[in-house]
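This is what each chain is made of:
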Amino acid sequence: MNTGVRITAFAAALAATFGAAYGLGTAVGPGPVEEPKTVHTEHAAPTKARDGGHTGHDEAGQGGAAGGLQVSEGGYTLALETPRVAAGRSVVKFSIKDGSGRKVTAYQTEHGKELHLIVASRDLTVYRHLHPVRAADGTWSTEVDLPVAGGYKAFADFTPAAEGAKGLTLGVDLSVAGTYTPRPLPAAARTAEVDGYRVALDGTPVPGRPSELKLTVGKGGKPVTDLEPYLGAYGHLVALREGDLAYLHVHPNKGGPGPEVSFTATAPSPGAYRLFLDFQHDGTVRTAAFTVHAGGAAPATRTPGDHTH
């Protein structure tokens, strides 16, 4: 998956996170988490991640342009064939087209997959990390559960196999039909709970400068010391900026199987971010979500305007 910001001491596939250490008791074995609920269509066997930066992720992580803000970049375009779907379970289809309008059929493998698809609601209360299946003609498809109507954004994270091609994160709007009831951004907090797991966030994101972020996973008051590799790492972090949903993604630094996963991230600008940490334990991938504020105090609560789709 694109490696946007380098991770150094905790959680951050992004660039944003708190500052406050969280301690957990003694080791614990397999166990679960969720907020919001995340659907994982595939769990690949651990694979060694390829070194090398990705334009959308790495530049964003170093304070450059964030990823996912463009539908076309570097001669490639994300073409969504199902721009409007029904609430609930549905199938999303899309393709990546080159400068000649042809569907791309050859990709480099990143963290066990040719392409990673992230789908998030505009209010950042729904998040999905998916691994679509590619047909021979270059069309990708995946089933996704989007429970509520409203505006969403789909991000394709990939590296074409073409010589000299760089990793890209392209973003496109996706609509879920129905009446949209806006929800405010979840309040900032230093811990998140999902399926009986408690994940603590330690560190503060700094706009334009790398900062250390740490995620500590526990269950039943005890630290989880046997996290399992998921797509070649003990944790994957995606961060989305409130408003434009600028995309940041980082992978953890080297370290053991828990309870702490560390990252180094750089917020591209002051503002509110939603962090989503994927981790695997007892054979199941779970997602812990946090709201953090980079570069100052939390802004007044905002609720997206009402929309009917």
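Residues numbered from 1 in each chain as written. Predicted model: local features only at pLDDT ≥ 70, side-chain atom pairs only at ≥ 80, totals over all residues. Heavy atoms only, no water.

Peer 1: I'd like a description of the sheet that holds strand β6 (residues 115-121), backed by residues and values.
Peer 2: Read from one edge of the open sheet, 5 strands run β4-β11-β10-β6-β7, paired in mixed fashion. Pairing within the sheet leaves two strands with one partner each, and these edge strands are β4 (84-86) and β7 (127-130). Direction aside, neighbouring strands of the sheet carry axes that sit 25 degrees apart on average. Where β6 meets strand β10 (residues 150-158), 7 bridges bridge the pair, whose relative direction is antiparallel. From the neighbouring strand, Ser121 faces β10, where its bridge partner is Tyr152. (Pairing = 2+ DSSP bridges. Helix = DSSP H or I, 4+ residues; strand = E, 2+ residues; numbered from the N terminus. Axes fitted to C-alpha atoms, helices over the stretch in contact; angles between N-to-C directions.)

Peer 1: Now, about the nonpolar core: what can you tell me, with residues and values included?
Peer 2: Counting 27 residues, the largest nonpolar core has Phe94, Ile96, Leu115, Val119, Leu146, Phe158 and Leu174 as the members making the most contacts within it. For this core, the element with the highest residue contribution is strand β11 (residues 168-177), accounting for 5 residues. Apart from residues lying up to four places away in sequence, Val119 is in contact with Val126, Tyr127, Arg128, Leu130, Leu146, Tyr152, Lys153, Ala154 and Leu174. Within the second largest apolar cluster, 26 residues are counted, among which are Ala192, Val199, Phe263 and Phe279. (Core = buried A, V, L, I, M, F, W, Y, C linked by side-chain atoms within 4.5 Å. Buried < 20%, exposed > 50% of the residue type's maximum accessible area, 1.4 Å probe, protein only. Contact = heavy atoms within 4.5 Å.)

Peer 1: Hey, could you go over the sheet that holds strand β9 (residues 139-146) for me, with residue numbers and the actual values?
Peer 2: The strand order across the open sheet built from 5 strands is β2-β3-β5-β9-β8, with neighbouring strands paired in antiparallel fashion. Edge positions in the open sheet fall to β2 (72-73) and β8 (133-134), since each of these has one partner strand only. In this sheet, strand β3 (residues 76-80) lies alongside β2 in antiparallel orientation, the contact comprising 2 bridges. In the strand pairing of β3, Ser72 is matched with Thr77.

Peer 1: Can you break down the environment of Tyr234 residue by residue, with the values?
Peer 2: For Tyr234, the position within the fold is in the loop between β16 (222-223) and β17 (236-241). Take Tyr234: its relative accessible area is 25%, and that puts it in the partly exposed class. Between the C-alpha atoms of Tyr234 and Ser262, which are 28 residues apart in sequence, the distance is 9.7 Å. Residues within four places of Tyr234 in sequence aside, it is in contact with Leu227, Glu228, Pro229, Pro252, Gly255, Gly256, Pro257, Val261 and Phe279.

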